[in-house]
Amino acid sequence: MDSGRASHVEGRGLSRRHFISGTGSILGAATLGAFDLPPAAAAPREAVIEPGAQVTALVIGSGYGGSVTALRLAQAGVDVHMVEMGMAWDTPGTDGKIFANTTSPDYRSFWLRTRTKQPLSNFLGFPLDRDVPRYTGILDAEEMGGIVVYQGRGVGGGSLVNGGMAVTPERSRFPAVLPSVDADEMYDVYYPRANSTLGVRTIDPAWFDTTEAYTYARVGRKHAQRSGFRFVFVPNVYDWDYMKREAGGSVPRSALAGEILYGNNHGKKSLPKTYLAQARATGRVTISPLHRVTSVTPATGGYSVTVEQLDTTGTVTATKTVTARRVFFAAGSVGTSKLLVRLKGTGALPALSHEVGNGWGENGNVMCGRANHLWDPTGALQSSIPTAGIDNWATGGAFAEVAPLPTGIETWASFYLSITNNPHRARFTWNAAAGKVELDWQTAWKQPSITMAKTIFDKINAKEGTIYRSDLFGVHKIWGDHLTYHPLGGAVLDKATDNYGRLRGHSGLYVMDGALIPGNVSVNPFVTITALAERNIERIIADDF
């Protein structure tokens, strides 16, 4: 916000001093040393995997691909064990809630960090990050190759921390996303199956038009349409009936309390409420939280798998070896890719394809904010669940989610997460000398995303006489070009695997997650990840079991 616009804000009775004193939890500037300490780790509710266990199907990860895999295998009569690096997130914290609020990050918020690394690092010139205890929190801000990759950690994976925007890409775009996949099957069978099981619904347009909680999105719609852009409602997995009750005051607030980045306590239908709930109901699926797979090697009867058990400080408390007849890699694009590249590079799985590690992208993610005029307030109450976007993909290569800024105060700001047609792809490689996997992404590769996003926001700013915010991502920095919420690729379908996710070179190994998708979906990706997993596991069950 420039000084002139800041003076307008102060003229409405909100000085910078009043802001910082009244919303210290938002900025992380108050009580920096007085955070609540995590409780002692309780015994997990799941039956954790035992050393020497014999497993028919081992699923590494419990996000979208892993949850689909576990459910469908179990329904086919196969016993499944899931290994999840994060926590179960089934026990309330010190405040009586399972998840921390977005405006008050605490020990539950970040994965094994001692200081938060929030996507918005600044607000009105003040830094937002704060010190927190090291803990196996829900959001991983993994820094690699010039980019920060935000990933969910816990049973349910990314479904725990995303905004729930359940977007099926337009059919005309699909051949560019997954050229080896039959689009008719996907749109006639697997996308409908995924949307149904995920509980996807679209907001009631009449309620959208009247509720205080989406004032910010209606401002986004007005500005988009005035500049000639297509404004679209986007389906979501949030329970819209619950949100209406939130607004009416009859249930605890969740989306209307700003809960999103570090989990949602009530209304969002994350995987533990959908696919994983159905999987558990079969009686054939067990899950080991706080367990991390470090090695997979061929063995008699399948594969020998080394698993580390963690405590809530990230300390390894036990190392176990189990045998799995078949192993399904579903640790997310980054987790699956890093593990496979390590296994190939160290010789544990030497016959893996040389394509393993290739084709990684960040779905063209870039963020920005706009400072609106005083006659366009965006609302002090903002639902944390986004439900609309601006589509300029055909002309400018960008789709922009109209995102919330749930600070609890009026900001006169519009905020956006753009998905762009960024052509750059990176590669994971094994650095033997350093003993780690590296990513060759370059920060400069975000420039095409910025250029594409500007095809929307330059035009809106010119039409409305508004400016970009420059106080959200650092000092005088307009674009959030340092991050991604949507990592994709690294074990691309029909290259590193066959056309159904079977890893080339080692029978009985499969990839089932976003690592299969080469870098870009054109929209939020989790519905496509889910539908692709539905397609692949159906064929795998038919042919391999």
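S.K.: Please clarify how the sheet that holds strand β19 (residues 483-484) should be interpreted in this entry.
M.R.: Hydrogen bonding along the main chain pairs the strands of a sheet, whether they run parallel or antiparallel. Spatially, the three strands line up as an open sheet ordered β5-β6-β19, and their pairing is mixed. Of all strands in the sheet, those with a lone pairing partner are β5 (139-144) and β19, marking the two edges. Relative to β19, strand β6 (residues 147-152) runs parallel, the two being bridged by two bridges. Bridging from a neighbouring strand, V148 pairs with L483 of β19.

S.K.: Help me understand the side chain of N195, please; the structure alone is not making it clear to me.
M.R.: Within the secondary structure layout, N195 lies in helix α6 (residues 183-198). Not counting residues up to four positions away in its chain, the partners in contact with N195 are A166, T168, V200 and V527.

S.K.: Even after reading the chapter, I still don't get the nonpolar core, so can you show me in this structure?
M.R.: When a protein is soluble and globular, its nonpolar side chains tend to lie buried together. Within the largest apolar cluster, 96 residues are counted, with the highest numbers of intra-cluster contacts made by V296 and F329. Beyond its immediate chain neighbours, meaning those up to four positions away, F329 contacts I60, V296, T336, L339, L340, L343, L503, L509, Y510, V511, M512 and D513.

S.K.: Got a minute to help me understand the packing of helix α8 (residues 215-226) against helix α13 (residues 447-464) in this structure?
M.R.: Geometry of a packed helix pair, given as the angle between the helix axes and the separation of the axes. Axis separation between α8 and α13 bottoms out at 9 Å; the angle between their running directions is 90 degrees. Taken together, the axes of α8 and α13 are roughly perpendicular relative to one another. Side by side, α8 and α13 meet where H223, A224 and R226 of the first sit next to I460, K463 and E464 of the second.

S.K.: Even after reading the chapter, I still don't get the pattern of salt bridges, so can you show me in this structure?
M.R.: For side chains of opposite charge, pairing can occur when their charged atoms come near one another. According to the stated counting rule, one finds 30 salt bridges in the structure shown. R284 is the salt-bridge partner of D79, the closest N and O atoms lying 2.8 Å from each other. Of this pair, D79 sits in the loop between α4 (64-75) and β2 (80-83) while R284 is found in the loop between α10 (275-281) and β8 (285-288), placing the two residues 205 residues apart along the sequence. Judged by relative accessible area, which is 42%, D79 ranks as partly exposed. With relative accessibility at 32%, the residue R284 sits in the partly exposed group. Its salt-bridge partner being E464, residue R226 comes within 2.7 Å of it at the nearest N-O pair.

S.K.: Sorry, what's going on with helix α9 (residues 240-248) here?
M.R.: Residues spaced three or four apart along an α-helix point in a common direction, a consequence of the helix completing one turn every 3.6 residues. Those residues of α9 that fall on the buried side of the exposure criterion are W240, Y242, M243 and E246. Buried residues of α9 fall within an arc of 150 degrees about the axis and therefore sit on the same side. Elements that come into contact with the buried residues of α9 comprise α7 (205-210). Here α9 starts with a cap whose side-chain oxygen sits 3.0 Å from the backbone nitrogen of D241, and that cap is D239. Immediately beyond the C-terminal end of α9, within one or two residues, lies G249, with a positive phi of roughly 80 degrees.

The rules we used
- Residues numbered from 1 in each chain as written.
- Predicted model: local features only at pLDDT ≥ 70, side-chain atom pairs only at ≥ 80, totals over all residues.
- Heavy atoms only, no water.
- Pairing = 2+ DSSP bridges.
- Helix = DSSP H or I, 4+ residues; strand = E, 2+ residues; numbered from the N terminus.
- Contact = heavy atoms within 4.5 Å.
- Core = buried A, V, L, I, M, F, W, Y, C linked by side-chain atoms within 4.5 Å.
- Buried < 20%, exposed > 50% of the residue type's maximum accessible area, 1.4 Å probe, protein only.
- Axes fitted to C-alpha atoms, helices over the stretch in contact; angles between N-to-C directions.
- Parallel < 35°, antiparallel > 145°, perpendicular 65-115°, else oblique.
- Salt bridge = Lys/Arg side-chain N within 4 Å of Asp/Glu carboxyl O.
- Arc of directions from axis to C-beta.
- Polar contact = N/O pair within 3.5 Å; in protein donor to acceptor, adjacent residues only side chain to side chain.

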